[in-house]
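# Chain and residue survey
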Amino acid sequence: MSADADIVGAVAAGQAPGTAAAHVALAVLLVLYPLVASDFFLTQIGGYSLIQGLIALSLMLLAGYGGMVSLAQITIAGVAGYVVAIFGVNNSGVHGFGWPWWVLVPFAILCAALASSLVGWISVRTSGIYTIMITLAIATASFYFAQQNYSFFNGFPGYNGIPAPQVLGVNWRGPMPFYYLCLGTASLAYAAVLYGQRSTFGLTLQAIRDNPRRMHALGFDVTAHKVFAWFLAGVIAGAAGVLLVWFQGRISPGTISVGTAINVLIIAVIGGIRHPIGPFLGAVLVVLLQTFAIDIVGAARFNTLIGFVFLVIVFVSPDGILGLWQRFRPRAAREAWTPEP
Amino acid sequence: MTLSRRHILALAMTTALTLPSVALAQDDTIKIGVLATFEGAFTVLGEDGERGALTALAEFGGMAGGKKIEVVRGSSDASPDSAVRAARKLVEQDGVKILVGPLSGDEGIAVKEYAKSQPDVTFINGTSAAQDTTLRDPAPNFFRFSTDGAQWMAGLGTYAFTEKGYQTVAVVAEDYSFPYTQVFGFMAEYCKAGGKVPSKSWVPIGNKDFSSVIAAIPDDVDAIYVALGGADAVNFLTQYQDAGGQAPLVGGSITVDQTVLTSKGKLRDVLVGTPSAGPIADTNDSAEWMAFVDAYKQQAGAFPSPSLFAHGYYINMKAALLAIDQLGGDLSDPAKLRDTLGGLSFDTPTGKVSLDKNRNAVADMFLTEVTEGTDGNLVNKLIKVVPQVNQTLGIAEDEFLALGAVSRDNPSCP
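A quick note: this is a predicted structure, and the numbers were derived from the prediction, not measured. (Residues numbered from 1 in each chain as written. Chains lettered and ligands numbered in written order. Predicted model: local features only at pLDDT ≥ 70, side-chain atom pairs only at ≥ 80, totals over all residues. Heavy atoms only, no water.)

Let us now look at the overall build of chain B. Scanning chain B for helices and strands turns up 15 helices and 15 strands. Taking 2.2 N^0.38 as the reference for a compact globule, 414 residues should give roughly 22 Å; the C-alpha atoms of chain B span a radius of gyration of 22 Å, in line with that estimate. Projecting the C-alpha coordinates of chain B onto the three principal axes gives extents of approximately 80 × 50 × 45 Å. A sequence separation of at least 24 residues applies to 74% of the contacts in chain B between residues at least 6 apart. On chain B, roughly 15,000 Å² of surface is accessible, and the fraction owed to carbon and sulfur atoms is 54%. Taken together, the 33 basic and 49 acidic charged side chains of chain B have centroids lying 5 Å from each other. (Helix = DSSP H or I, 4+ residues; strand = E, 2+ residues; numbered from the N terminus. Rg over C-alpha atoms; globule rule 2.2 N^0.38 Å. Contact = heavy atoms within 4.5 Å. Areas by Shrake-Rupley, 256 points an atom, 1.4 Å probe, with all protein chains shown as cover. Lys, Arg positive; Asp, Glu negative; His and termini not counted. Charge placed at Lys NZ, Arg CZ, Asp CG, Glu CD.)

Structure (structure tokens):
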């Protein structure tokens, strides 16, 4: 996380100075990470974790503050990804209108945010397991539609050869620039969520989560607040979708399949949805596991290992990694933050 | 501020994250990446592909060019994105100089695109058999010693029309580039011979419920051409039989191979007598093939007879090992490795293999028919060998390219 953004976020959130110090330490670590990491660890682990974390963050925003668990976040990221592929440049020979990046990126994110609002508007009158079912249905239908539609989505193969733009003489898909691009976007989104949580809108949303009928009786427009939360989540997921398509250099229905949709939920649950740092912790763990499990247990059973680790984490701590952290915090905090004698 | 447990944890995490990037360079081993589908609908196929690659390695005693060969595995779920992600890991993290794979059609096209960005690494196909992996816009460092899906169909269209007497055929196939290629290869001959294909059904990979597809097959067709793989083939065939389907089948190369023929259940009544074509035939009685089957059976979990995935990975892995041998284990110059691979021409269990100018193989093809073997297993009985089929199926190259890229609608003869 960039230092400035985090301090602003922490102060705005009215948190203890200890949290600010932790943010600074984390920011320094993440900014200096490229000094020690190989190109692979920069993009395939670092960049990819940040992207997955962003998508899970959009879910955390909805689930943590709005009480709406969505399985369609990867679909919304996919909307932005497909917009970049269709209106930008690709070498699949289908569409590819070659819009410049400064029109394309805002347009893609806007499309994702509108798609997200639409999903929200459809599902907002439901709650609990019904929201999950509706969003799962939307994600599944979108996946199969993208896979079988050739005129717009180019079917199973999707779009190939989608470059990241060259801006200011920098190739933004180069390992170092791309890592910082992801880091910058993630920090911004993280700080925005921390800030938003304490804003009037954020507090209202949390109140709606806790008691929608009372908020309605007090004169708040419950539906509008929820749909706006979906819009904001769509902005975050859309930004992640743009980064994702630059990261892969391609997009196909495999990117928005049901498996990946559930993956986002797993990341959020593993990380914990009480605090916006949770999705990023979850993403790092999941990406590391998915990349290296095959080296640990061989090709036949590596998915079993991944599943087993998830099971253990959720079993030991229903709040995910964040919950584990909280459990040990009082003692650790005492050790660390008491003034020295 | 004292050093707290939290700081130590953070430090430990950072070290753990960066440690694996310190590659341990060992001079006496060469790493070869093997990329196959170890998850998803094609898992069984991917595992058999791995067996094939290991069979080749065992044949060389685990050594090539005086160096020990270390196999690093990568897994995809048959989607192009996952294949590229796995390839990136093998190339950029594990540092393989040669990558063997991937397994399925669009994965091959995606990995070919990725290969262009990694000129120092040499990519050798697994069994992916889409036409455009090598035909249009090929990558200079992507080699395919296995053949493509249209080549695999050599002889089948003519056989179905003239010998079997099928005047009209409905097509049921998966909706991606490999089945398009197979259908192209089948129809190129079948339509030329005078056959008609009034209906084509494209189903997504991993489809479970085929009832609407089965209902859409016209009643008056003489046969159904099925190009489905792995679990999809088993699901379709079972449901077609349950629905009371009577039409005889014509099989794509992976529809009636060992991964499907060994599945449990009452499929055998439907399958017996199904003609097909591909790069292998189970009852091939040449000494080379028999020796290959014996070697293959040494692998854990092997089928009674190797599938074409085992065969394809075997041939491609063998090409890699032969090239390493010829270079004496010195892979420092990728251009030299490429020249060596391009010039390879070797005898395989299924005849001579050499490459064309697009680095795609020219090899013998086998026309087969499903029969019950002496031990009760279903096998593909060899009907005819079609010698040395090239990628343009014997048609002049410019004429062949003019037929257009394979797709849902190309070719067409309703």
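What follows concerns the overall build of chain A. A tally of regular secondary structure across chain A gives 14 helices and two strands. By the burial criterion, 52% of the 341 residues in chain A qualify as buried. Taking all contacts inside chain A whose residues are at least 6 apart in sequence as the whole, residues at least 24 apart take part in 75%. Summed over its atoms, the accessible surface of chain A is roughly 14,600 Å², and 71% of this surface lies on carbon and sulfur atoms. (Buried < 20%, exposed > 50% of the residue type's maximum accessible area, 1.4 Å probe, protein only.)

Residues and elements named next belong to chain A. You can see Gly 282 is positioned in helix H12 (residues 277–297). Using a relative accessible area of 0% as the deciding quantity, one classes Gly 282 as buried. Taking the C-alpha atoms as reference points, Gly 282 and Ile 267, separated by 15 residues in sequence, lie 4.8 Å from one another. Leaving out residues up to four positions away in the same chain, Gly 282 has contacts with Ile 267, Ile 270, Gly 271 and Ile 321.

The subject of this paragraph is the pattern of salt bridges. All names here are of chain B. Taken as a whole and judged by the stated rule, the model has 14 salt bridges over all chains. One salt bridge in this structure joins Lys 116 and Asp 137, with 3.0 Å as the shortest N-O distance. Linking Lys 116 in the loop between helix H4 (105–115) and strand E5 (122–124) with Asp 137 in the loop between E5 and strand E6 (142–143), this pair joins segments that are 21 residues apart in sequence. When its relative accessible area of 48% is taken as the criterion, Asp 137 is described as partly exposed. Among the ionic pairs, Arg 408 bridges to Asp 175, the shortest N-O distance being 2.6 Å. Here Arg 408 is found in the segment after helix H15 (397–401), whereas its partner Asp 175 is found in the loop between strand E7 (169–174) and helix H7 (177–193), with 233 residues between them in sequence. (Salt bridge = Lys/Arg side-chain N within 4 Å of Asp/Glu carboxyl O.)

Size it by volume and the second largest pocket reaches roughly 1,300 Å³. For the second largest pocket, the lining is made up of 48 residues, of which Thr260(A), Glu39(B), Asp77(B), Ser82(B) and Arg85(B) are closest to its centre. Where the lining of the second largest pocket is concerned, the elements lending two or more residues are helix H3 (39–66), helix H6 (129–148), helix H10 (222–248), helix H11 (258–271), H12 and helix H13 (302–316) of chain A together with strand E3 (67–75) and helix H3 (80–93) of chain B. (1 Å grid on protein atoms, 1.4 Å probe; cavity = no way out; pocket = protein on both sides within 12 Å on 5 of 7 lines; lining within 4 Å. Points joined across faces, edges and corners; volume = space filled by probe spheres on them.)

Residue and element names in this part refer to chain B. Along helix H12 (residues 287–296), the residues that are buried comprise Trp 289, Phe 292, Val 293 and Tyr 296. Along H12, the residues classed as buried sweep out an arc of 100° about the axis, all on the same side. Tucked into the core, H12 has its buried residues touching helix H2 (43–59) and helix H13 (308–326). (Arc of directions from axis to C-beta.)

Between its terminal C-alpha atoms helix H4 (residues 73–87) of chain A stretches 21 Å, which fits the 21 Å expected from 15 residues at 1.5 Å a residue. The element H4(A) is extensively covered by neighbouring structure, given that 14 of its 15 residues are classed as buried. (Expected span 1.5 Å × (residues − 1).)

This brings us to the packing of H4(A) against H10(A). All names here are of chain A. It is at 7 Å that the axes of H4 and H10 come closest, and there the two elements cross at 55°. With respect to H10, the element H4 is oriented oblique. In this structure, H4 meets H10 at a crossing whose hand is right-handed. Taking contact as the criterion, the partners of Gln 73, Ile 76, Ala 77, Ala 80, Gly 81 and Val 84 in H4 are, on H10, Trp 230, Ala 233, Gly 234, Ala 237, Gly 238, Gly 241, Val 242, Val 245 and Trp 246. Tallied by class, residues from the contact of H4 with H10 come to ten nonpolar, five polar and no charged. (Axes fitted to C-alpha atoms, helices over the stretch in contact; angles between N-to-C directions. Parallel < 35°, antiparallel > 145°, perpendicular 65-115°, else oblique. Left-handed = near helix turned anticlockwise from the far one by under 90°. Nonpolar A, V, L, I, M, F, W, Y, C, P; charged D, E, K, R; others polar.)

Residue and element names in this part refer to chain B. Read from one edge of the open sheet, six strands run E2-E3-E1-E4-E5-E6, paired in mixed fashion. The open sheet terminates on both sides in strands that have one partner only, identified here as strand E2 (63–64) and E6. Two elements, strand E1 (residues 29–36) and strand E4 (residues 98–100), share three bridges in a ladder whose sense is parallel. The residue bridging Ile 32 from the neighbouring strand is Ile 98, located in E4. Against the sheet, H13 makes contact with E1, E2, E3, E4 and E5, and its axis sits at roughly 160° relative to E1, the strand it touches most. (Pairing = 2+ DSSP bridges.)

All names here are of chain B. In this model, chain B carries an average pLDDT of 86, and 94% of its residues clear a pLDDT of 70 or more. Long-range and interchain partners of residues 18–25, a stretch whose pLDDT sits below 50, account for nine contacts in this model, where long-range means more than four residues apart. In the predicted complex, the global pTM is 0.82; the interface-specific ipTM is 0.78. (pLDDT = per-residue confidence, 0-100.)

Summarising the element assignment, Ser128(B) is placed in the loop between E5 and E6. Discounting residues that sit within four places of it in the chain, Ser128(B) has contacts with Pro102(B), Leu103(B), Ser104(B), Gly105(B), Gly108(B), Thr133(B) and Arg144(B).

Residue and element names in this part refer to chain B. Across four bridges, E7 lies against strand E8 (residues 200–203) in parallel orientation. For Val 171, the partnering residue across the bridge sits in E8 and is Lys 200. Taken together, E7, H7 and E8 form a β-α-β motif whose crossover is right-handed. (Right-handed = clockwise from strand over helix to strand, strands pointing away.)

Let us look at a nonpolar patch on the surface. Residue and element names in this part refer to chain A. The grouping of Val 24, Val 28, Val 31, Leu 32, Leu 35, Val 36, Met 176 and Tyr 180 at the surface amounts to a nonpolar patch, some 680 Å² of accessible area in total. Elements represented by at least two residues in the nonpolar patch include exactly helix H2 (17–36) and helix H7 (175–198). The element contributing the most residues to the nonpolar patch is H2, with six residues. Within the secondary structure, Val 28 is located in helix H2. (Patch = residues over 30% accessible without salt bridge, like charges linked within 9 Å, V, L, I, M, F, W, Y side chains within 5 Å.)

Here the focus is the confidence of the model for chain A. Residues and elements named next belong to chain A. Mean pLDDT for chain A: 83, with 89% of residues reaching 70 or above. In the model, residues 1–14 has pLDDT below 50 throughout and makes 24 contacts with residues more than four positions away in sequence or in other chains. A low-confidence stretch, residues 332–341 stays under pLDDT 50, and its non-local contacts, those more than four residues away or across chains, total 13 contacts.

Our next topic: the packing of aromatic side chains. Per the counting criterion, the structure on display carries 33 aromatic pairs over all chains. With a centroid separation of 4.8 Å and an interplanar angle of 90°, the aromatic rings of Tyr82(A) and Phe153(A) are classed as edge-to-face. With a gap of 71 residues between them, Tyr82(A) in helix H4 and Phe153(A) in the loop between H6 and strand E1 (166–167) connect regions that are remote in the sequence. Take Tyr82(A) and Phe153(A): they sit in the same class, and that class is buried. Here a set of aromatic residues connected by ring pairs shows up, and it is made of Tyr82(A), Phe145(A), Phe152(A), Phe153(A) and Tyr159(A). A cation sits over an aromatic face here: Arg173(A) above Phe178(A), 5.0 Å from the ring centre. Positioned over the ring face of Phe303(B) is Arg51(B), at 5.5 Å from the centre of the ring. (Phe/Tyr/Trp six-rings, centres within 6.5 Å; stacked < 30°, edge-to-face > 60°. Lys NZ or Arg CZ within 6 Å of the ring centre and 35° of its normal.)

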